[in-house]
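# Summary of structural features
Spelled out from the first residue to the last, the chains are:
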Amino acid sequence: MKIIDNYRDLPIGLYLEICDIDRREDLEDINKQVSIISVLTGMAEEDIYNLPLDEYRQLAAKSQYLRHPYEGEILTAKNYIVGKFTLVPVEDYRKITTAQYIDFQTFAKDAERNIVEILSCMLIPKGKKYNQDYDVLEVQKALREHLCVADALSLVAFFLVQYRQSIKDSLTYSREMAMKLRDPEKKRRMLREIQKEEDRLLKLGDGLRM
């Protein structure tokens, strides 16, 4: 019986379904496992419950890689063939648009749940500009169905590292400007806001490993 047994063959959309199942508090562990095996095999859950126990155990064993986070290298390829799209990663933050940056920043606040949306901000159809002359929702659908977990998480980690560094540089500059302020209250208020952003940045760093 065929089952997806590694991250390289697992589409990111199915991975996110599995993450949602794992978060459910209304399911016992055994029921979660059945639901996850259903996602990995495409079988109905009822059919899985009716499998001989030995066959079920074999499927469960092949799904155990999910118990360990994907820990690949943070790399990007020149382009990614995803469904009908050839997507090119934006590797230089100086080349992104304001709209692109705002969308990325919004999705990055909950990176684990917004993997596909983050990717759609930074993987652009070849020859296009962000969100111009193509449907972003179609790109997101193609990413869910065709981009594997290994590539998706490597890309998200790469983009978040770049984003984190750009924010860090901005905060360093802001702190330098704040220290030059003559109004003590305004200086304290600005430094307090900078500290809040630095704390949030640390949490983002903790979330890079998924």
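Above this text is the structure in question.
As the structure is a computational prediction, the values presented were derived from the model and not from experiment.

Looking only at helices and strands, the protein has nine helices and three strands in total. Starting at the N terminus and ending at the C terminus, the protein contains elements arranged as α-α-α-α-β-β-α-α-β-α-α-α. Over its C-alpha atoms the protein spans a radius of gyration of 21 Å, topping by over 25% the 17 Å that the globule rule assigns to 210 residues. In the protein, buried positions account for 40% of the 210 residues. Intrachain contacts of the protein at a sequence separation of at least 6 include 65% that bridge at least 24 residues. Roughly 12,900 Å² of accessible area belongs to the protein as shown, and the carbon and sulfur atoms make up 48% of that amount. Seen as two clouds, the 33 positive and the 36 negative side-chain charges of the protein have centres 9 Å apart.

Before going further, it helps to examine the environment of Leu155. Tracing the chain through its elements places Leu155 in helix 8 (residues 149-179). When its relative accessible area of 0% is taken as the criterion, Leu155 is described as buried. Separated by 12 residues in sequence, Leu155 and Leu143 have C-alpha atoms that sit 12 Å apart. With residues near it in sequence (within four places) discarded, Leu155 still touches Leu75, Thr76, Tyr80, Pro89, Leu119, Leu123 and Leu147.

Every buried residue belonging to helix 4 (residues 53-62) is among Tyr56, Leu59 and Ala60, and all of these are buried. For helix 4, the angular spread of the buried residues around the axis is 100 degrees, confining them to a single face. Exposed residues pointing more than 90 degrees away from the buried face of helix 4 are listed as Arg57 and Ala61. Check the buried side of helix 4 and you find it contacts helix 2 (29-41) and helix 3 (45-49).

For the rest of this paragraph, the subject is the side chain of Thr41. By the secondary structure assignment, Thr41 is in helix 2. Judged by relative accessible area, Thr41 falls into the buried class, the value being 18%. Within polar-contact distance, the side chain of Thr41 engages the backbone oxygen of Ile37 at 2.8 Å. Setting aside its immediate chain neighbours within four residues, Thr41 contacts Lys2, Ile3, Ile48 and Leu59.

It is worth spelling out the pattern of salt bridges at this point. Pairs can form between side chains of opposite charge once their charged atoms are near each other. Taken as a whole, this structure holds nine salt bridges when the rule is applied. When the shortest N-O distance is used, the salt bridge between Asp26 and Arg24 registers 2.6 Å. By relative accessible area, which is 37% here, Arg24 ends up partly exposed. For the salt bridge of Asp110 with Arg113, the shortest nitrogen-to-oxygen distance reads 3.7 Å. Take Asp110: its relative accessible area is 34%, and that puts it in the partly exposed class.

Here we come to the sheet that holds strand 2 (residues 85-89). Taking strand neighbours across the sheet as the criterion, the three strands line up as 1-2-3 in an open arrangement whose pairing is antiparallel. Only two strands of the sheet have a single neighbouring strand rather than two, namely strand 1 (80-82) and strand 3 (123-125). The mean angle between the axes of side-by-side strands here comes to 40 degrees, regardless of whether they run parallel or antiparallel.

Let's shift gears to the packing of aromatic side chains. Tallied over the entire structure, the rule returns four aromatic pairs. Ring geometry for Tyr7 against Tyr15: centres 6.3 Å apart, planes inclined by 75 degrees, an arrangement best described as edge-to-face. Residue class for Tyr7 comes out buried when judged on its relative accessible area of 11%. Look at Tyr15 and you get buried, because its relative accessible area is 10%. The rings of Tyr7, Tyr15, Tyr65 and Tyr70 are connected pair by pair, giving a single aromatic cluster.

The next point concerns the packing of helix 6 (residues 115-122) against helix 7 (residues 136-146). Between helix 6 and helix 7, the least distance of the axes is 9 Å, while the angle of their chain directions is 120 degrees. With respect to helix 7, the axis of helix 6 lies oblique. Here helix 6 runs over helix 7; the crossing is right-handed. In this structure, helix 6 contributes Val116, Glu117, Leu119 and Ser120 to the contact, and helix 7 contributes Val136, Val139, Gln140, Leu143 and Arg144. When the residues that make up the contact of helix 6 with helix 7 are grouped by side-chain class, the tally is five nonpolar, two polar and two charged.

The rules we used
- Residues numbered from 1 in each chain as written.
- Predicted model: local features only at pLDDT ≥ 70, side-chain atom pairs only at ≥ 80, totals over all residues.
- Heavy atoms only, no water.
- Helix = DSSP H or I, 4+ residues; strand = E, 2+ residues; numbered from the N terminus.
- Rg over C-alpha atoms; globule rule 2.2 N^0.38 Å.
- Buried < 20%, exposed > 50% of the residue type's maximum accessible area, 1.4 Å probe, protein only.
- Contact = heavy atoms within 4.5 Å.
- Areas by Shrake-Rupley, 256 points an atom, 1.4 Å probe, with all protein chains shown as cover.
- Lys, Arg positive; Asp, Glu negative; His and termini not counted.
- Charge placed at Lys NZ, Arg CZ, Asp CG, Glu CD.
- Arc of directions from axis to C-beta.
- Polar contact = N/O pair within 3.5 Å; in protein donor to acceptor, adjacent residues only side chain to side chain.
- Salt bridge = Lys/Arg side-chain N within 4 Å of Asp/Glu carboxyl O.
- Pairing = 2+ DSSP bridges.
- Axes fitted to C-alpha atoms, helices over the stretch in contact; angles between N-to-C directions.
- Phe/Tyr/Trp six-rings, centres within 6.5 Å; stacked < 30°, edge-to-face > 60°.
- Parallel < 35°, antiparallel > 145°, perpendicular 65-115°, else oblique.
- Left-handed = near helix turned anticlockwise from the far one by under 90°.
- Nonpolar A, V, L, I, M, F, W, Y, C, P; charged D, E, K, R; others polar.

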